[in-house]
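# A structural walkthrough
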Amino acid sequence: MRFYFTILFSFLIQFVFSQELTQTIRGTVLDKQTQSPLPGVVISILNTTPFTATTTNENGKFRFDNVLLGRKQLKISLISYKEKAQTVVLTTGKETVLSIELEESAVQGEEIVVTAEVDKTKTNNKMATVSSRVFSTEEANRYAGSRGDPARMAANFAGVSGANDSRNDIIIRGNSPLGILWRLNGLDIPNPNHFGSMGSSGGPISILNNNTLDNSDFMTGAFPADYGNATAGVFDLKMRTGNNEKYEFLGMVGFNGFELGAEGPFNKKKKNGSFMINYRYSTLSVFKYIGLDFGTGSAVPQYQDLTFKVDLPTKKVGKFTVWGIGGLSYAELRQSQQSKDNNLYGYSGRDTYFRSNVGAGGVSHTYLINGSSYVKTNIGVSGQYNGIKSDRVDTSTSPVTIRPEYRNTSYTTRYSGNFTYNKKFNSRNFVNAGIYADVYNTTFVDSIDIDGKGFITLRNYKGQTALARGFIQWKHSFSERFSANIGFTYQYLLLNNSQSPEPRLGLKYELNKKQSFSFGAGLHSQVQPLYVYFATANLGKGQVVETNRNLDFTKAVHAVLAYDVNLFSSVRIKTELYYQYLYSVPVKIRKDYFSTANLGADFNSPNVDSLVNKGTGENYGIELTLEKFYSKGYYFLVTASFFESKYTGSDGVYRNTAFNGNYVLNALAGKEFKIKEKHILALDVKVTYAGGKRYVPIDIAKSIAYHDEVRDASVAYNPQYNPYFRIDVKPSYKLNTKRFTHELSVDIQNVTKHNNIFQEQYDLNTQTIKTDYQLKFFVIPQYRLTF
């Protein structure tokens, strides 16, 4: 901590120097539906003296030089287009380069005024109607407790539960986190987290680098037809474009690691292309290397990741983009070296060694056919690898006895491609259609030694399959107030020839400039995690059968009704009612409580054989949001979600799902204090109160008898841990000098040291139930330098 206070003191002694510092705002304005540049757009900077404004040139470009630092609000307007407002934050360390999209009004010849200062309900996706919002990288950096992670930031939104300090799994409306679709730069990607297990969607630390992301979309239900293979929600992420006029650099140290970044033009004179690259390395790994011990023993997360993007626009053949992300991670959770004071998230009585690698990359090409249509092509490859070694540990003997128990090697490589066509016929009608294809090469090999007599193979599959999908959707504006989005998508899995036709519908009606009703409905389906298809049943005498190979898609019907009202220019209230019916959910053929609707509740990828698509489930609830977008130096966000999440297994019992927390309440607020332009102090606070996790209780008598953990299935997911409660506080300080921007923050998590239960385990050595708790008190300092 002395290092951070030294930096802070050096900043403060510069306080006496006062100098007007400026920066550049520039960018491009495009038609939202055709992606064509818009000339003649008027961009003005509000509340400036003298009044400052400019217009876009024939290429849709604009530029402001020598703008004073701080928050600036831009107004963007053009006749026959809906006026837009956008807030930017100017610092000396980085130029502000914008890509702004305007939506054409259905009523021609009028300038339609949008009164909200910042409208985050307007997503990048042109077809989203309900349960969607755009989020900025600034929000992920600003919100207390988010750790610069988009997934943890999204846990603050209505309908989302993230009451887990160890992982960033996103539980949407009681659905399994495995129902999330991750999309980056137009390609569907695997779980983008360090230490993510095969088939999961979360992890302790995100590979996604917040410093390289652009404004992106997050959807929690009834999403448009261009999204498939998901039943819960969508993260549609975009990486920003590097600066194509000047070189800029970044250095950062904090919870996510030591980080270095660079971006700039390939040719400063021609300004016809740019690059961006960032590299991170685990902070705790560095501290371990130099001999600093944080009390975790061998359980030090070791990881590193790389992110890059190259943009190459051309005059005649369109724009090309090359991008990639990748991460390597390794951790040891060793019971044999764990002290009594350590509270680690490993398995009782076991030494676990876990290696996880993940990566994705692609090439994108956008070509404007004419002023009303364009096509976009994406091709890429992604992959995920898991290596797991688990040994049984008996600490009652001297020396400690360690016996091999479980081994797993699994990886999936996915080759992806998609092509979309977009056409705006006029201001009232827009159509887009596309085809997607994913080819999977998979390997699943795992084995177990139950009684020390030798390993038995559980799964041993090497093969290939593919998922094909096509969609078409149409947006029609009946008037300026009433619009409809109608879509259809079709999915086909080559592994077993299963298919899923899925209609989608979205309606929006604006009562007036401040109030609107929206409705969304549709059928959504998802293939099972690949390891489920290749689970095996051992029939004895070496005979092994893959019993799940013919499983169909899991399917869900979504219906959402929303009401949105803008109370003031930057304050809104939103209410959503929803109902989801799940069917064709895999359950055991024999009577049992198991359902794949509960997968993702823990770290396992279970080998469950003999499944059939006869399970059902339902999720329903109400969500409330009260939000003041950041303006006049402060913001607040209050969300409340009340829900039920139920399912029925093959035993016919109607139960809570593992994710039925019943309620989530979040309150966030933040305030900035500007001191002589150069200095900005800020304080952000977050409070979360949520229903505790559902669990299957331990049968202590049977566990003692079997010398292993045994759960009581008769009351599965009926008991619930105590409610989750956490307060986070994040003070921060920003200093702008002539060429550098320094940012220092301290994210203090769980300031009340509340005991939130993580899990209960059966301790093999003491033959008692052990309770593991989540973070008691966690301080995350971070320093960031841009220049």
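Residues numbered from 1 in each chain as written. Predicted model: local features only at pLDDT ≥ 70, side-chain atom pairs only at ≥ 80, totals over all residues. Heavy atoms only, no water.

## Considering the overall build of the chain
- In terms of helices and strands, the chain carries six helices and 43 strands.
- Taking 28 Å as the expected radius of gyration for a compact globule of 787 residues, we find that the chain reaches 27 Å, a close match to that expectation.
- Counting only residues that meet the buried cut, the chain has 56% of its 787 residues in that class.
- Long-range contacts, defined as pairs at least 24 residues apart, comprise 65% of the intrachain contacts of the chain with a sequence gap of at least 6.
- Taking the average place of the 88 positive charges on the side chains of the chain and the average place of its 68 negative ones, the gap between the two points comes to 4 Å. (Helix = DSSP H or I, 4+ residues; strand = E, 2+ residues; numbered from the N terminus. Rg over C-alpha atoms; globule rule 2.2 N^0.38 Å. Buried < 20%, exposed > 50% of the residue type's maximum accessible area, 1.4 Å probe, protein only. Contact = heavy atoms within 4.5 Å. Lys, Arg positive; Asp, Glu negative; His and termini not counted. Charge placed at Lys NZ, Arg CZ, Asp CG, Glu CD.)

## Considerations on the pattern of salt bridges
- Scanning all chains against the criterion turns up 43 salt bridges.
- The partner of E480 in a salt bridge is K82, and the shortest N-O contact between them spans 3.5 Å. Taken together, the residues E480 in the loop between β26 (456-477) and β27 (482-493) and K82 in the loop between β5 (70-77) and β6 (84-90) connect sequence positions 398 residues apart.
- E480 sits in the buried class, given a relative accessible area of 19%.
- Residue K82 is classed as buried on the basis of its relative accessible area, which comes to 19%.
- The salt bridge partner of D592 is K588, with a shortest N-O separation of 4.0 Å.
- What you see here is one network of salt bridges that share partners, running through R26, R63, D65, E95 and E245. (Salt bridge = Lys/Arg side-chain N within 4 Å of Asp/Glu carboxyl O.)

## Concerning the environment of P177
- Checked against the element boundaries, P177 lands in the loop between β10 (171-172) and β11 (180-184).
- Overall, the relative accessible area of 0% leaves P177 in the buried class.
- In this structure, the C-alpha to C-alpha distance between P177 and K75, residues 102 residues apart in sequence, is 39 Å.
- Leave out the neighbours within four places in its chain, and P177 touches D169, I170, I171, S201, L599, G600 and F659.

## Digging into the sheet that holds strand β15 (residues 216-219)
- In space, the five strands of this open sheet follow the order β8-β15-β16-β11-β12, with mixed pairing throughout. Each of the sheet's edge strands pairs with one partner strand only, and the pair in question is β8 (132-135) and β12 (187-188).
- Here β15 runs beside strand β16 (residues 233-237); their pairing, made up of three bridges, is antiparallel. The partner of D217 across the bridge, within β16, is D236. (Pairing = 2+ DSSP bridges.)

## Side note on the pairing of β26
- Where strand β25 (residues 429-448) lies against β26, 20 bridges are found, and the strand directions are antiparallel. Of the residues in β26, the one forming a bridge with S447 is T457.
- As paired elements, β26 and β27 share eleven bridges and run antiparallel to each other. Bridging from a neighbouring strand, W474 pairs with I486 of β27.
- What sits between β26 and β27 in their antiparallel hairpin is a turn of four residues.

## Examining the sheet that holds strand β1 (residues 22-31)
- Read across the open sheet, the three strands follow the order β4-β1-β7; overall the sheet is mixed. Each edge of the sheet is formed by a strand with only one pairing partner; in this case those strands are β4 (61-68) and β7 (96-102). Here the average twist between neighbouring strands, direction ignored, is 25°. (Axes fitted to C-alpha atoms, helices over the stretch in contact; angles between N-to-C directions.)

## Concerning the nonpolar core
- Counting residues in each nonpolar core, the largest one holds 31 residues, and the members touching the most others are F157, I170, W182, L184, F218 and F235.
- Of all elements in the fold, only α3 (150-154), β11, β16, β21 (319-334) and β35 (634-648) reach the threshold of two or more residues within this core.
- Sequence-distant contacts of F157, that is, excluding residues within four places in its chain, are made with R133, F135, F218, L637 and T639. (Core = buried A, V, L, I, M, F, W, Y, C linked by side-chain atoms within 4.5 Å.)

## Notes on the packing of aromatic side chains
- The final tally for this structure, using the stated rule, is 26 aromatic pairs.
- With 5.8 Å between their ring centres and 35° between their planes, Y143 and Y635 make a pair best called tilted. Here Y143 is found in the loop between α2 (137-142) and α3, whereas its partner Y635 is found in strand β35, with 492 residues between them in sequence. We note that Y143, like Y635, is buried.
- Grouping aromatic residues by their ring pairs yields a cluster made of F135, F157, W182, F218 and F235.
- Taking the ring centre of Y635 as reference, the NZ or CZ of R142 above it sits at 4.8 Å.
- Between the NZ or CZ atom of K423 and the centre of the ring of F425, over which it lies, the distance is 5.7 Å. (Phe/Tyr/Trp six-rings, centres within 6.5 Å; stacked < 30°, edge-to-face > 60°. Lys NZ or Arg CZ within 6 Å of the ring centre and 35° of its normal.)

## What to know about the side chain of D149
- Note that D149 resides in the loop between α2 and α3.
- On the basis of relative accessibility, which here comes to 4%, the residue D149 falls in the buried class.
- In terms of polar contacts, D149 uses its side chain to reach the backbone amide nitrogen of A151, at 2.9 Å.
- Setting aside chain neighbours within four positions, we find D149 in contact with A140, N168 and S206. (Polar contact = N/O pair within 3.5 Å; in protein donor to acceptor, adjacent residues only side chain to side chain.)

## Notes on the confidence of the model for the chain
- For the chain, the average pLDDT comes to 89, and 92% of its residues sit at 70 or higher.
- No element of the chain has a lower mean pLDDT than helix α1 (residues 2-12), at 49, and none a higher one than β27, at 98.
- Note on residues 11-18: pLDDT under 50 across the span, and 14 contacts to partners over four residues away in sequence or across chains.
- The low-confidence segment residues 109-118, where pLDDT is below 50, has 27 contacts with residues more than four positions distant or belonging to other chains. (pLDDT = per-residue confidence, 0-100.)

## Examining the side chain of Q23
- Here Q23 shows up in strand β1.
- For Q23, a relative accessible area of 7% puts it in the buried group.
- Each residue touching Q23, except ones within four places of it in the same chain, is listed here: F64, D65, N66, V67, L69, L90, T91, T92, G93, K94 and E95.

## Quick notes on a nonpolar patch on the surface
- A surface patch of nonpolar side chains, about 820 Å² in accessible area, is lined by Y509, L511, F517, L561, L577, I622, L624, F642, L665 and Y689.
- Turning to its location among the elements, L511 is positioned in the loop between β28 (498-510) and β29 (515-526). (Patch = residues over 30% accessible without salt bridge, like charges linked within 9 Å, V, L, I, M, F, W, Y side chains within 5 Å. Areas by Shrake-Rupley, 256 points an atom, 1.4 Å probe, with all protein chains shown as cover.)

## A few points about the environment of S285
- Here S285 lies in helix α4 (residues 283-289).
- S285 gets classed as buried once you look at its relative accessible area, which sits at 8%.
- As a C-alpha pair, S285 and T307 span 22 residues in sequence and 20 Å in three-dimensional space.

## Side note on the pairing of strand β37 (residues 663-675)
- Where β35 and β37 come together, nine bridges link them in antiparallel fashion. Looking at β37, one finds that L637 is bridged to L668.
- Sheet topology places β37 next to strand β38 (residues 679-690); twelve bridges connect them, and they run antiparallel. Within β38, the position partnered with N666 by the bridge is T688.
- In this antiparallel pair of consecutive strands, β37 and β38, the connection spans three residues, and K676 shows a positive phi of 55°.

## Quick notes on unusual backbone geometry
- The omega torsion across T49 and P50 is -5°, close enough to zero to call that bond cis.
- Tracing the chain through its elements places P50 in the loop between β2 (42-45) and β3 (52-55).
- Positive phi values are uncommon outside glycine, yet A222 reaches one of about 50°.
- Mapped onto the elements of the fold, A222 is located in the loop between β15 and β16.
- Positive phi outside glycine occurs at Y717, with the angle close to 60°.
- Positionally, Y717 belongs in the loop between α6 (700-706) and β39 (724-736).

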